[in-house]
Amino acid sequence: MPPPRGTSAETLLAYAFAVRAFTATEAIDATGLTRSTVLSACEELIRLGWVRELDDARAAGEYRMGRPARRYELDTATGVVVGVDAGQHRVTALVADLRGTVLGRSAGDLGESGLEVPVRLRVLAETVDAALADAAVPAARVLVTVVGIPAPVDAGGASPGDGGFWDRMNPGFAGAVPGDLVVVENDANLAALAERPSSGEASFAALLSGERFGAGLVVDGVLLRGAHGGAGEMRVLEIVDGVGSSDGIGAAARTLVVEAVAAGDVATGGSLGPDSDAAAVFAAARAGDSVACTIVDRLGDRLARVCVLLASLLDIDRVVVAGAIAVPAAPVIERARALLDGWHFDPVPEIVASSLGADVVVIGAVAHAVDAVRADPLSFALVDRPGPLATVV
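Everything numeric here is computed off the predicted structure, so don't read it as measured data. Sequence order as written defines residue numbering, which begins from 1 separately in each chain. Reporting in this predicted model follows two pLDDT cut-offs: at least 70 for local features of residues, and 80 or more for side-chain atom pairs to be given and counted; totals over whole chains, interfaces and linings ignore these cut-offs and use all residues. To get the side-chain values, take all heavy atoms of the structure and skip hydrogens and water.

Tallying secondary structure elements over the protein chain gives eleven helices and 13 strands in all. Taken along the three principal axes of its C-alpha coordinates, the protein chain extends 85 × 45 × 40 Å. When the 393 residues of the protein chain are sorted by exposure, 49% land in the buried category. We call two residues contacting when some pair of their heavy atoms lies within 4.5 Å. Here the contacts in the protein chain between residues at least 6 apart in sequence split such that 67% fall between residues at least 24 apart. Per-residue accessibility takes into account occlusion by the displayed protein chains alone, with areas from the Shrake-Rupley method and a 1.4 Å probe. Of the roughly 17700 Å² of accessible surface on the protein chain, a fraction of 52% belongs to carbon and sulfur atoms. Residues scored as positive are Lys and Arg, those scored as negative are Asp and Glu, and His as well as the terminal groups of each chain are ignored. All charge positions are set by atom: Lys at NZ, Arg at CZ, Asp at CG, Glu at CD. Each charge class in the protein chain can be summarised by its mean position, and for the 31 positive and 50 negative side chains these summaries are 6 Å apart. Put simply, DSSP H or I for four residues or longer makes a helix, DSSP E for two residues or longer makes a strand, and each gets a number counted from the N terminus. Burial status follows relative accessibility: with a 1.4 Å probe on protein chains alone, a residue under 20% of its type maximum counts as buried, one over 50% as exposed, and anything between as partly exposed.

Now the structure itself:
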């Protein structure tokens, strides 16, 4: 039986999560517990599998005279967490230790079958299994799996009905992935968790911007969810003048190319064609293609309007353009910045590109899973789990 919440073992374990190797004296100073209580708690946590004893301070070269101090640390190999980005077309999974260090990864392709629930669950399960194999970790060692999806998610992990898409994105994953706890979360919310370390104390929006706009919102340090998990859903953009849809930068770029081709603006044999994607548009714009430059201007205008909407409603300091599109879309971001400077709205948010690329959601999923373990670690039983973890060098 794990100790009850609020015990000295729980206090010491919270300290072990926050530091690296520590001595009993350091733990006493940090927690206010007595020496006998700290030593007893360390023994209890060793028995439960959370803490391991290291070489003493003399053996480690940190102590030379007198009785050597006993040293301890969190046993990060006692269990793992899994983060999953379950998009409509692609699944990415990371396996990480209890400090968030990535041990293994895998990706799976859903192609055009992402709305078929059996296919979605099968590919997700296979991708997680492959990531665990890459990490050489048995599924029985997974404590928490967090799955990020492109749909709103309420506090209970359910998505509101919308005629089918959200239900297909969130069909229930508890039977498809391992873990004592399986958490489903909105992908933009996870992107916001991933961007939090780089945004400091700012109130900000992490704006996923590839196929669809979706925002994870952090205001005054709090991640906003809404009554039904819908905070940051951007379907309202359908009625915003000059935007007209929730299509992200990548999707909108393709649409604008098709319109330019239909209008005869794209020259035969030019740098753009009906199948050109956003990357081709941005490359052509850098090369001076006039049609591509016009498309970039229009995309910048759309992005600026979205940023004004978010800043006006939430008084945020920053919009982080996130996802795989973020770095390639630098010309669009630059155009949006210039427009905002000229429009003189107050407040004017800073617009920056995320540096986390296509992994932003799955990185946030890992962070959320680690937080879930740290929030109530002693609720997880670690002993008697089959199969050791591989030694990570």
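Turning next to the confidence of the model for the protein chain. Predictor confidence is given residue by residue as pLDDT, running from a minimum of 0 to a maximum of 100. Summary statistics for the protein chain give a mean pLDDT of 91 and a share of 92% for residues scoring 70 or more. Per-element averaging of pLDDT across the protein chain places helix α5 (residues 165-169) at the bottom with 92 and strand β4 (residues 80-86) at the top with 98. In the model, residues 1-5 has pLDDT below 50 throughout and makes nine contacts with residues more than four positions away in sequence or in other chains.

Another point: the sheet that holds strand β7 (residues 142-149). Strand pairing is defined by DSSP finding a minimum of two bridges between the two strands. Ordered by their spatial adjacency, five strands build an open sheet running β6-β5-β4-β7-β8, and the pairing between neighbours is mixed. The outermost strands of the open sheet, each flanked by one partner alone, are β6 (102-109) and β8 (181-186). Strand-to-strand, the axes of this sheet are offset by a mean angle of 15 degrees, without reference to chain direction. Of the pairings in the sheet, the one linking β4 to strand β5 (residues 90-96) comprises six bridges and is antiparallel in character. Paired with Asp85 across the bridge in β5 is Thr92. To define axes, lines are fitted to C-alpha atoms, for helices over the stretch in contact only, and angles between the resulting N-to-C directions are given on a 0 to 180 degree scale. Its contacts with the sheet place helix α4 (residues 117-135) against β4, β5, β6 and β7, and it is angled at close to 150 degrees to β6. In this fold helix α11 (residues 360-375) packs onto β4, β5, β7 and β8, with an angle of close to 145 degrees to the strand it touches most, β4.

This paragraph deals with the layout of surface pockets. Empty space among the atoms becomes visible once a probe the size of a water molecule is rolled across them. By volume, the largest pocket is sized at about 1100 Å³. Here a cavity denotes a set of grid points, spaced 1 Å apart and computed over the protein atoms alone, in which a 1.4 Å probe fits but from which it cannot get out, and a pocket denotes an open set meeting protein on both sides within 12 Å along at least five of seven lines; residues with an atom within 4 Å of a point are reported as lining. Lining the largest pocket are 39 residues, and of these Gly87, Asp187, Gly210, Glu211 and Arg212 lie nearest its centre. As a working rule, the residues Ala, Val, Leu, Ile, Met, Phe, Trp, Tyr, Cys and Pro are called nonpolar, Asp, Glu, Lys and Arg charged, and the rest polar, with Gly in that last group. Looking at the lining of the largest pocket, its residues break down into 17 nonpolar, eleven polar and eleven charged. Grid points are joined across faces, edges and corners, and a volume is the space filled by probe spheres set on the points.

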